[in-house]
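Examining the three-dimensional arrangement
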Amino acid sequence: MAQNFPCSFRALLFSFAFISMLCQPLSALAVQDPIEQLRPFLQKVTETLNDPELYTLSRKEQSEILVELVRERFDFYEMSRRVLGPHWRNIDAEEREQFVTLFTQLLQYAYIDRIDDYSGQEVEFVGQRIRGDRAEVQTILVDRDRSYNVSYIMHLQEDRWMAYDIVAEGVSLVRNYMEQFREIIRRHGYIGLIRKLEERIDELDGGKREAT
Amino acid sequence: MKLKWTQFFSLRLVLPLMLAALLVGAGTCQAFDFLDDASYEEFALPNDPLEPLNRVIFTFNDIVYIWVLNPVATGYSKVVPADIRGCVANFFHNLGEPVRSANCLLQGRFRDSGRALGRFFINTVFGVFGLADPASNEFRLAPVRASFGETLSVWGVGDGFYLVVPFMGPSTLRDFSGSMVDIVAVTTYYPWNDDLKTATSVYTVNTVNRTSLHLGEYERLKAMSFDPYVAFRNGYFQMRERRVDFFELDE
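What you are looking at is a predicted structure, and each value in this text was computed from that prediction instead of being measured.

On to the overall build of chain B. Scanning chain B from N- to C-terminus turns up 12 helices and 2 strands. Tracing chain B from N to C terminus, the helices and strands come up as α-α-α-α-α-α-α-α-β-β-α-α-α-α. Looking at chain B as a whole, 45% of its 251 residues qualify as buried. Within chain B, contacts between residues at least 6 apart in sequence are counted, and of these 72% link residues at least 24 apart. A total of about 13,500 Å² of accessible surface is found on chain B, and carbon and sulfur atoms cover 68% of it.

Printed below as a string of structure tokens:
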């Protein structure tokens, strides 16, 4: 019995060490929940939009500040890849880069117009579901008269959950643009799509220049 | 018994439409899973054989919205405060609860059916004829969504094809017939179902009131899209398929 104790104690120590060795890679993998990563980000966006100083800046500066902020949690590359759907495989690396730049610019200009709509709306978190390295965080955007269901579709990149789609009231931004782009590619080819994107960005950019 | 105009309308219009929808075949209404990569790439294009005609009606609705509905609703929203407009919306929503309850019953959603009926009684009694919504706020009974279009879908009736309806907007053959049935069902117990003029004015008030609560949404979606027709068509189908499961988390 007296001899047994140190032996079993050693075994216990050994097994503990073994288990902790096994656990090490697991604990390194344990990243924060998507909801916990999204919460401070959306808070920062709300704070920025609530900051009166933002509205003293020019449109261009406003847009730059917000795009920098949004890049923190939004993966525009993944978003662009998905928007193009199966057609992404038909274009080479250079064309992909061009498309990502154009599509990001389009979103930047389309959403910058919405800054003026912001009037203290708040975000409530409903919940999340995670499957492998994909996650959906469900929120409610509370406006004065009504509220909107908004989901963020995210994927895990190293230890960061990055959003690549927004689903507002059940309508996914990526899928909506995807169907539109597919129709344009079908009718006017990929070149036609690029031309339309450039035209629209020019139009929006021109509008901004006149406004500032 | 003499047929009322609404019932006459229903027989003449809805029955052939429903028969046509039945003939077009069974529908596949599957909820889209955003966490599934394959489903992003593999969604089918909607069946839209009437696209040229639909585009014309879409343009017509667009003109009606921009030149008639939007200015009227904007004026209305300036005269009537937001909370009163909310009450008007509640009132119309409440009137639809018995039909929603019946649709749930037909779909086998017994709990939802009871909830819709419970909401109707609570809101009618404690919410002053449905002007307020104590069922959601005090009794934690969230609104139920159910339409006859959904019921038909549960019964295996296919969408038929995409349809842009004048003054109403995006729909499908099945859902349009379904909403006609819902409208007719509601009018059977509306207090103003006797003459066409009153019914039309009530419908107009409801439409203007509803639009006043969503001002700017249409314009924004349109401004952000390349082909508004395709954008709204896609939005319609997406909205329909996702509706049910927003709060059903599989955590």
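Once you've had a look at it, read on.
Attention now goes to the interface of chain A and chain B. Facing 50 residues of chain A, the contacting portion of chain B comprises 38 residues. Together chain A and chain B conceal approximately 4,100 Å² of surface at their shared face, both sides included; 52% is due to carbon and sulfur atoms. Contact with chain B buries area across many residues of chain A, yet A:R129, A:R175 and A:E179 alone supply 20% of it, more than any other trio. In this structure, the connection of chain A to chain B is made through 2 salt bridges.

Moving on: helix α5 (residues 97-107) of chain B. Residue and element names in this part refer to chain B. For α5, the set of buried residues is E97, V99, R100, S101, N103, C104 and Q107. The secondary structure elements touched by the buried residues of α5 are α4 (82-95), α6 (110-125), α8 (148-154) and α9 (173-187). Just downstream of α5 lies G108, where phi reads positive at about 80°.

All names here are of chain A. Running from N to C, helix α2 (residues 34-50) and helix α3 (residues 59-71) cross one another at 170°; their axes reach a closest spacing of 10 Å. The angle between α2 and α3 falls in the class roughly antiparallel. Between α2, through F41, K44, V45, T48 and L49, and α3, the contact on the second element is made entirely by I65, L66, L69 and V70.

Right, let's talk about the confidence of the model for chain A for a bit. Residue and element names in this part refer to chain A. When pLDDT is averaged across chain A, the result is 82; 82% of the residues are at 70 or more. Across chain A, the secondary-structure element scoring lowest on mean pLDDT is helix α1 (residues 4-29), at 57, and the one scoring highest is helix α4 (residues 76-84), at 93. Across residues 24-28, confidence stays below pLDDT 50; counting only partners more than four residues off in sequence or on other chains, it has 0 contacts.

Positive phi values are uncommon outside glycine, yet A:E158 reaches one of about 55°. With respect to the helices and strands, A:E158 occurs in the loop between β3 (147-157) and β4 (160-168). Unusually for a residue other than glycine, B:F129 sits at a positive phi of about 55°. With respect to the secondary-structure elements, B:F129 resides in the loop between α6 and α7 (134-137).

All names here are of chain A. Ordered in space as β1-β2-β3-β4-β5, the 5 strands form an open sheet in which the pairing is antiparallel. Strands at the two margins of the open sheet, each flanked by one partner only, are β1 (122-131) and β5 (171-172). Across the face of the sheet, α2 comes into contact with β1, β2 (134-142), β3 and β4 while running at roughly 155° to β1. Its contacts with the sheet place α4 against β2, β3 and β4, and it is angled at close to 45° to β4.

Right, let's talk about the pairing of strand β2 (residues 169-172) of chain B for a bit. All names here are of chain B. As judged from the 4 bridges shared by strand β1 (residues 162-165) and β2, these two strands associate in the antiparallel manner. By the bridge assignment, V164 is partnered in β2 with P170. Here β1 folds back onto β2, and the loop between the two strands holds 3 residues, one of which, F167, carries a positive phi near 70°.

All right, on to the environment of A:I191 then. Residue and element names in this part refer to chain A. Among the secondary structure elements, I191 is positioned in helix α6 (residues 173-211). Taking the relative accessible area as the measure of exposure, I191 reaches 56% and is therefore exposed. With 50 residues separating them in the primary sequence, I191 and L141 have C-alpha atoms 38 Å apart.

A word on the nonpolar core. Core analysis: the biggest nonpolar cluster contains 55 residues, and A:F99, A:F103, A:Y177, A:F181, A:L193 and A:L197 have the highest contact counts within it. Of all the secondary-structure elements, those providing two or more residues to this core are α2, α3, α4, α5 (93-112), β2, β3, β4 and α6 of chain A. With 12 residues, the top contributor of residues to this core is α6(A). Those residues in contact with A:F103 that lie beyond four places of it in its chain are A:M79, A:S80, A:V83, A:Y177 and A:F181. Core analysis: the second largest hydrophobic core is formed by 11 residues, B:F58, B:Y65, B:F232 and B:Y236 among them.

This part takes up the pattern of salt bridges. Counted under the stated rule, the structure contains 26 salt bridges over all chains. With a shortest N-O distance of 2.9 Å, B:E51 and B:R55 are connected by a salt bridge. Note that B:E51 and B:R55 are positioned in helix α3 (residues 51-79) at a spacing of 4 residues, about one turn of the helix. On the accessibility criterion, B:E51 (14% relative accessible area) is buried. Residue classification places B:R55 among the partly exposed residues on the basis of a relative accessible area of 23%. Note that B:R55 is salt-bridged to B:D227, the shortest N-O span being 3.0 Å. In this pair, B:R55 sits in helix α3 while B:D227 sits in the loop between α11 (217-223) and α12 (228-242), placing the two residues 172 residues apart along the sequence. Linked by salt bridges that have partners in common, A:E179, A:E183, A:R186, A:R187, B:D48, B:E51, B:R55, B:D227 and B:R233 make up one network.

With that out of the way, let us pick up the pairing of β4(A). Residue and element names in this part refer to chain A. Of the pairings in the sheet, the one linking β3 to β4 comprises 8 bridges and is antiparallel in character. Within β4, the position partnered with Y152 by the bridge is I166. In this antiparallel pair of consecutive strands, β3 and β4, the connection spans 2 residues, and E158 shows a positive phi of 55°. In this sheet, β5 lies alongside β4 in antiparallel orientation, the contact comprising 2 bridges. Looking across to β5, one finds that V167 is bridged to S172. In textbook terms, the turn of a hairpin is the stretch between consecutive antiparallel strands, and for β4 and β5 this stretch comprises 2 residues, one of which, E169, has a positive phi near 50°.

Cut-offs used in this document
Residues numbered from 1 in each chain as written. Chains lettered and ligands numbered in written order. Predicted model: local features only at pLDDT ≥ 70, side-chain atom pairs only at ≥ 80, totals over all residues. Heavy atoms only, no water. Helix = DSSP H or I, 4+ residues; strand = E, 2+ residues; numbered from the N terminus. Buried < 20%, exposed > 50% of the residue type's maximum accessible area, 1.4 Å probe, protein only. Contact = heavy atoms within 4.5 Å. Areas by Shrake-Rupley, 256 points an atom, 1.4 Å probe, with all protein chains shown as cover. Buried area = accessible area lost by both parts, 1.4 Å probe. Salt bridge = Lys/Arg side-chain N within 4 Å of Asp/Glu carboxyl O. Axes fitted to C-alpha atoms, helices over the stretch in contact; angles between N-to-C directions. Parallel < 35°, antiparallel > 145°, perpendicular 65-115°, else oblique. pLDDT = per-residue confidence, 0-100. Pairing = 2+ DSSP bridges. Core = buried A, V, L, I, M, F, W, Y, C linked by side-chain atoms within 4.5 Å.

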